[in-house]
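# Structure assessment
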Amino acid sequence: MNLLLGFIYNLKSPSNLNFMWNFGSMLGLCLAFQIVSGLFLSFHYAPTADAFLNVDFIMREVNEGWFMRFAHANGASMFFLLMYIHIFRGLFFKSYKLKKVWLVGNVIFLLAILTAFLGYVLPWGQMSFWAATVITNLVSAVPVIGKTLVEWLWGGFSVSTVTLNRFYSFHFLFPFILLVLVLMHLLMLHLSLSSNPLGIKKSMDYSDFHQYFTSKDLFGLMVMFLVWMFFTFFFPNLFIDPENYMSSNPMSTPAHIKPEWYFLPFYAVLRSVPNKLGGVILMLLMIIMLAALSFMRNSETKVHFMFMSKNKVLLSLLLSLLFLLFWIGASPVVYPFDSLGKLLTLSYFLLFIASFFNLKGYSK
């Protein structure tokens, strides 16, 4: 503990860091709370055919079980909201230039998506069951061995309680792997020294992390916690699909299958491509393209990125397209949403490529 406190006290950070650099610490606290609340929920949850009734028992009979369940469910939404802001801040201020930090961050993002999907299946409601069926079927797009992989993943010939058992095991394991990756992310960040809004060189202007930045982080954590608890206590079902309050029924398909809100852009891209394999590849490319930014070799310039209006416009358009993909992903697959989805998917990838080459032309 003394070693950790000494490290925090002696840590040097750029003196011009603003509140956009607070989201990393918020994500760390959010992950810690998700692990703790998930641990308490696991004391009473059993991945059996009665998993839906088991969740109902936690909500109604377990002391403060309703709070743990709603805090955990809304915590997933809070985690991804903070992560999307954190990623956009990294794009805007060119944090991808810290290559190792950025790549580990991308692995964290991918693993967080897998963990959240596995957790979404556990309540074993209608939307959970059919989301599991649709998403796991994507593995069948793998040439030659796709069908075998799907059956291995299911543990049979359809999604069943065997699948639920496997998903529960992985959902319990992955957050601890995430925790290790987050510690690696932090270690690499502080070894290479943090980026900063103005792009000031490493040796020019640094201040002690404590007390200047610990106080700023504490303020951000309090704001995050208040927002989180506001939704947990007053709007706990805002991000929970009503279909998930019905027990899973393999004989009845929901009228409109959709994932949680934080997966909607990926879902919009996936269903915009008629070919299953093509849709899976494009969906994975959305993450791979982010990782590819760290391999750019930038030319020299005296003007920092954040002052270049062209770059701001490109990233603003990219963000606007992402918001539209959120909307399309939540809409039914009917005209005009299907056509709009294809247009927006094409526009998103073309704009990202344009942004890639534009960012490549400018430096630090």
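Since this is a predicted model, take the numbers as computed values, not measurements. (Residues numbered from 1 in each chain as written. Predicted model: local features only at pLDDT ≥ 70, side-chain atom pairs only at ≥ 80, totals over all residues. Heavy atoms only, no water.)

As recorded in UniProt, the sites labelled "transmembrane region" (unreviewed entry) are residues 21-46, 66-89, 101-121, 176-198, 218-240, 277-296, 317-337 and 343-359. End C-alpha atoms of residues 101-121 are separated by 31 Å, and the span's content is 100% helix alongside 0% strand. For residues 218-240, helix accounts for 74% and strand for 0%, while the C-alpha atoms at its two ends are 29 Å apart. (UniProt positions renumbered as here; feature names shortened; annotations may be inferred. Helix = DSSP H or I, 4+ residues; strand = E, 2+ residues; numbered from the N terminus.)

Let's shift gears to the confidence of the model for the protein chain. In the predicted model, the protein chain carries a mean pLDDT of 85, and the fraction of residues at 70 or more is 86%. Counting interchain partners and residues more than four positions distant, the pLDDT-below-50 stretch residues 299-307 has 31 contacts. (pLDDT = per-residue confidence, 0-100. Contact = heavy atoms within 4.5 Å.)

On to the packing of aromatic side chains, then. With the rule as written, the count across this model stands at 37 aromatic pairs. With a centroid separation of 5.6 Å and 80 degrees between ring planes, the pair formed by F230 and F231 is classed as edge-to-face. A centroid spacing of 5.6 Å and a plane angle of 75 degrees characterise the contact between W261 and Y262, whose relative ring orientation is edge-to-face. Under the relative-accessibility criterion, Y262 is labelled buried at 3%. Across the ring face of W152, the terminal group of R166 is positioned such that the distance to the ring centre comes to 6.0 Å. Sitting above the plane of the F19 ring, K216 keeps its charged end 5.2 Å from the centroid. (Phe/Tyr/Trp six-rings, centres within 6.5 Å; stacked < 30°, edge-to-face > 60°. Buried < 20%, exposed > 50% of the residue type's maximum accessible area, 1.4 Å probe, protein only. Lys NZ or Arg CZ within 6 Å of the ring centre and 35° of its normal.)

Our next topic: the side chain of S37. In this fold, S37 is placed in helix 2 (residues 23-42). The contacts of S37, once residues within four sequence positions are left out, are M68 and H72.

With that settled, the discussion passes to the nonpolar core. Counting 95 residues, the largest nonpolar core has F80, F109 and Y348 as its most contacted members. In terms of residue count, helix 4 (residues 65-92) provides more of this core than any other element does, 13 residues in total. Leaving out residues up to four positions away in the same chain, F109 has contacts with F80, M83, Y84, I87, F266 and I287. (Core = buried A, V, L, I, M, F, W, Y, C linked by side-chain atoms within 4.5 Å.)

For helix 7 (residues 146-154), the set of buried residues is G146, V150 and W154. Along the long axis of helix 7, the arc covered by the buried residues comes to 70 degrees, so they all point the same way. Residues of helix 7 that are exposed and point more than 90 degrees away from the buried face comprise T148 and W152. Buried-residue contacts for helix 7 involve helix 6 (126-136) and helix 8 (161-192). (Arc of directions from axis to C-beta.)

Following the sequence through the fold, S331 ends up in the loop between helix 12 (309-330) and helix 13 (337-360). Counting along the chain gives ten residues from S331 to G341, while the straight-line C-alpha distance between them is 9.7 Å. Apart from the residues within four sequence positions on either side, S331 is in contact with H256, R271 and F337.

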